[in-house]
Amino acid sequence: MSGAGRPKLVVVGCGFAGYSLLRGLRREHFDVTLVSPRNYFLFTPLLPSAATGTVEFRSIVEPARRRLRHVRVVEGRAVGVDWPRRRLAAEAAVGGASFEIEFDQLVVAVGAETATFGVPGAVENAIAFTELEHARAVRRRVLEQFARADVPGADERAIAAGLTFVVCGGGPTGVEVAAEIHDLIVGELKRAFPPLASRARVVLVEAGPRLLASFDDALADYAARHFRREGIELRVDSPVAEVRAEAVVLASGESIATGLVVWAAGTAPSAFVRALGVELDRAGRILTAADLRVPGREHLWAAGDCAALGDPPLPATAQVAQQAGAHLARALVAVVTGREPEPFRFRSFGMLAYVGGSRALVDLPGVKWSGRWAWFFWRSVYLTKLVSFANKAKVLFDWLKARLFGRDLARF
Ligand SMILES: Cc1cc2nc3c(=O)[nH]c(=O)nc-3n(C[C@H](O)[C@H](O)[C@H](O)COP(=O)(O)OP(=O)(O)OC[C@H]3O[C@@H](n4cnc5c(N)ncnc54)[C@H](O)[C@@H]3O)c2cc1C
């Protein structure tokens, strides 16, 4: 117990699970510390839009210290746990100093890392797509490639390669990134670089037989037809064999010369999760009991993409992580007030995906919807799901600004 009599709760990670947990706690129950390398919550569903300037980077983040005033925020990366002494070991995000934090209860909500499945060159030559830095890198690279191609006397083959943008992974993230890059090309770059934009290609590569495997078949077919109509090239049944500095090589032997490779092909457990020494499932996620406690570790709880919740495990989505975080807030208060926590129950609200050209997919229980009205619905849902009034207002203004004045093409 802390000096003030409140138990020490340490939450590791400020994503959907950690943030919703922290928002659900009040000061009187715990002495709470958040440990996270980034000092903000990131609304990932709009990250593809940020990569192309449909919304601005700062509109989809919420600084932790502004909204979590009851929480001590420590900017660091957890690296391990000393269980007998109940201390979390971490490294400062700025400066790298090592430090420890004592806890009575520990919540691990560190999300997942990008899986490259051992594909040679994927780590070195592709841009992952989970963080704000990645969206910024994609935006800059697309603009750089156009600037390079526009230089008088530029080599024709280099222009063709530089203006080919390859996205690996046909799940919702890959589909949305490909769609947003295509929107940027036809919506803005066509006017800015009239002779070049028609030469730009967006290629979406998927190892499995179809896009959007987690979506309803008819909706996934709609997305594929829409992409073909818009001129986005699809390679399904096409595992990537290698990512080189200037080409993506497919298992079929096809080599696609490219100026940008985005890797959105899967998730893997983080080094911290592997270092915890608890039981993991086959996907490397922490096995949890019905109330999200970790069996065998009385003081440890896990939620979000790093945890296997339910049997069969629930999908690794923001929706699951957010509900699990809210559940944990209730469960931890139950523990501290001497009650037994309830089991976690997930309520699915369905899935959404943007496919470009102001079209989206809506896959709700009993409702399958695609096209322009689905896109309005997609936007309204995300507007309501953004975590603060400031985020909502900024995103709404960004959408209006992009429509009225176009996306910002400044390269910096
Ligand atoms: C581009 C993109 C689009 C997406 N779109 C959707 C969507 O439309 N709908 C949907 O349901 N899901 C979507 N997802 C999935 C969704 O983002 C995740 O399922 C969700 O973020 C999981 O929440 P989480 O809290 O487990 O992890 P995250 O939100 O990833 O947060 C993890 C947190 O842990 C921190 N962290 C990591 N390692 C450490 C460490 N060692 N020590 C301390 N802190 C650490 C991170 O900095 C971060 O703050 C999308 C994902 C991406 C990448």
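Up top you'll find the structure we're talking about.
Computed from a prediction, not measured in an experiment: that's the story for all the values here. (Residues numbered from 1 in each chain as written. Predicted model: local features only at pLDDT ≥ 70, side-chain atom pairs only at ≥ 80, totals over all residues. Heavy atoms only, no water.)

Q: Run through the overall build of the chain, naming residues and quoting values.
A: The number of helices and strands found in the chain is 13 helices and 26 strands. At 22 Å, the chain has a C-alpha radius of gyration in line with the 22 Å of a compact globule built from 412 residues. For the chain, the spread of C-alpha atoms along the principal axes amounts to about 70 × 40 × 40 Å. For the chain, buried positions account for 52% of its 412 residues. Residue pairs in contact within the chain that sit at least 24 positions apart in sequence constitute 64% of those at least 6 positions apart. Accessible surface for the chain amounts to roughly 18,900 Å². Of this, 53% is attributable to carbon and sulfur atoms. Seen as two clouds, the 52 positive and the 43 negative side-chain charges of the chain have centres 6 Å apart. (Helix = DSSP H or I, 4+ residues; strand = E, 2+ residues; numbered from the N terminus. Rg over C-alpha atoms; globule rule 2.2 N^0.38 Å. Buried < 20%, exposed > 50% of the residue type's maximum accessible area, 1.4 Å probe, protein only. Contact = heavy atoms within 4.5 Å. Areas by Shrake-Rupley, 256 points an atom, 1.4 Å probe, with all protein chains shown as cover. Lys, Arg positive; Asp, Glu negative; His and termini not counted. Charge placed at Lys NZ, Arg CZ, Asp CG, Glu CD.)

Q: Tell me about the pairing of strand 1 (residues 8–12), residues and numbers included.
A: For strand 1, the tally of buried residues reaches four of five residues, placing the bulk of the element in the interior. Here strand 1 pairs with strand 2 (residues 31–35) via five bridges, running parallel. Its bridge partner being in strand 2, lysine 8 is matched across the sheet by aspartate 31. Here four bridges tie strand 1 to strand 9 (residues 105–108), and the two strands are oriented parallel to one another. Bridge pairing links valine 10 to leucine 106 in strand 9. (Pairing = 2+ DSSP bridges.)

Q: Quick one: what's the story with the side chain of histidine 226, residue by residue and with numbers?
A: The topology assignment puts histidine 226 in helix 9 (residues 217–230). In contact with histidine 226, other than residues within four places in its own chain, are Val355, Gly356, Gly357 and Arg359.

Q: Break down the sheet that holds strand 25 (residues 359–364) for me, with residues and values.
A: Judged by pairing direction, the sheet is antiparallel, and its three strands sit side by side in the order 24-25-26 without closing on themselves. Each edge of the sheet is formed by a strand with only one pairing partner; in this case those strands are strand 24 (351–356) and strand 26 (367–371). Adjacent strand axes in the sheet meet at a mean angle of 10 degrees when their direction is disregarded. Strand direction decides the pairing type here: strand 25 and strand 26, joined by five bridges, are antiparallel. Its bridge partner lying in strand 26, leucine 361 is registered against serine 370. Helix-sheet contacts for helix 9 involve strand 24, strand 25 and strand 26, and the interaxial angle to strand 25 is about 170 degrees. (Axes fitted to C-alpha atoms, helices over the stretch in contact; angles between N-to-C directions.)

Q: Which residues make up the environment of valine 35, and what are the values?
A: Its location among the elements puts valine 35 in strand 2. Taking the C-alpha atoms as reference, valine 35 lies 9.8 Å from valine 110; in sequence the two are 75 residues apart. Sequence-distant contacts of valine 35, that is, excluding residues within four places in its chain, are made with Val10, Val11, Val12, Gly13, Val74, Gly76, Ala78, Leu88, Ala90 and Ile101.

Q: Report on the nonpolar core, specifying residues and quantitative values.
A: In this structure, Ile60, Leu88, Leu106, Phe146 and Phe227 are the most contacted members of the largest nonpolar core, which totals 123 residues. Apart from the residues within four sequence positions on either side, phenylalanine 227 is in contact with Val175, Ala178, Ala179, Leu204, Leu211, Ile232, Leu234 and Val355. Of all hydrophobic cores here, the second largest spans 14 residues; its members include Cys168, Val205, Val240 and Ile256. (Core = buried A, V, L, I, M, F, W, Y, C linked by side-chain atoms within 4.5 Å.)

Q: Could you give an account of the packing of aromatic side chains, with specific residues and numbers?
A: The full count for this structure, using the stated rule, is 12 aromatic pairs. Geometrically, the ring pair formed by phenylalanine 43 and tyrosine 382 is edge-to-face, given 5.8 Å between the ring centres and 75 degrees between the ring planes. Taken as a pair, phenylalanine 43 in the loop between strand 3 (40–42) and helix 2 (47–51) and tyrosine 382 in helix 12 (residues 372–385) lie far apart in primary sequence, 339 residues in all. Residues phenylalanine 43 and tyrosine 382 agree in their burial class; the two are buried. Here the aromatic cluster, defined as three or more aromatic residues joined through ring pairs, consists of Phe16, Tyr19, Phe41, Phe43, Tyr354, Trp378 and Tyr382. Positioned above the aromatic ring of phenylalanine 349, the side-chain terminus of lysine 385 is 5.6 Å from the ring centre. (Phe/Tyr/Trp six-rings, centres within 6.5 Å; stacked < 30°, edge-to-face > 60°. Lys NZ or Arg CZ within 6 Å of the ring centre and 35° of its normal.)

Q: Got a sec to walk through a positive patch on the surface? Specific residues and values, please.
A: The grouping of Arg58, Arg136, Arg140 and Lys394 at the surface amounts to a positive patch. Position of arginine 58 relative to the elements: it lies in the loop between helix 2 and strand 4 (61–63). (Patch = residues over 30% accessible without salt bridge, like charges linked within 9 Å, V, L, I, M, F, W, Y side chains within 5 Å. Salt bridge = Lys/Arg side-chain N within 4 Å of Asp/Glu carboxyl O.)

Q: Quick rundown of a nonpolar patch on the surface? Include the residues and the values.
A: The grouping of Val367, Trp369, Trp373 and Phe376 at the surface amounts to a nonpolar patch, some 440 Å² of accessible area in total. Sorting the residues of the nonpolar patch by element identifies strand 26 and helix 12 as the ones contributing at least two each. Locating tryptophan 373 in the fold gives a position in helix 12.

Q: So, the layout of surface pockets: which residues are in play, and what are the values?
A: Here the second largest pocket defines a volume of roughly 410 Å³. Taken together, 21 residues line the second largest pocket, and the ones lying closest to its centre are Asp183, Tyr354, Ser358, Arg403 and Arg407. At six residues, the largest contribution of residues to the lining of the second largest pocket is made by helix 7 (residues 172–192). Among the residues forming the lining of the second largest pocket, the class breakdown is seven nonpolar, six polar and eight charged. (1 Å grid on protein atoms, 1.4 Å probe; cavity = no way out; pocket = protein on both sides within 12 Å on 5 of 7 lines; lining within 4 Å. Points joined across faces, edges and corners; volume = space filled by probe spheres on them. Nonpolar A, V, L, I, M, F, W, Y, C, P; charged D, E, K, R; others polar.)

Q: Give me the site of the ligand: which residues, what numbers.
A: The ligand sits among 30 residues. The nearest are Ala17, Thr44, Ala78, Asp305 and Tyr382. Cysteine 14 is positioned with one of its backbone polar atoms (N or O) 3.0 Å from an oxygen atom of the ligand. In this structure, serine 36 approaches the ligand through a side-chain N or O atom, which is 3.4 Å from an oxygen atom. Relative to its unbound accessible area of 1,000 Å², the ligand is 87% covered by the protein chains. Among the elements of the structure, helix 1 (16–24), strand 6 (76–82) and helix 11 (318–336) are those that each provide at least two residues to the shell around the ligand. Across the shell around the ligand, the residue classes tally to 16 nonpolar, 11 polar and three charged. (Near = heavy atom within 4 Å. Polar contact = N/O pair within 3.5 Å; in protein donor to acceptor, adjacent residues only side chain to side chain.)

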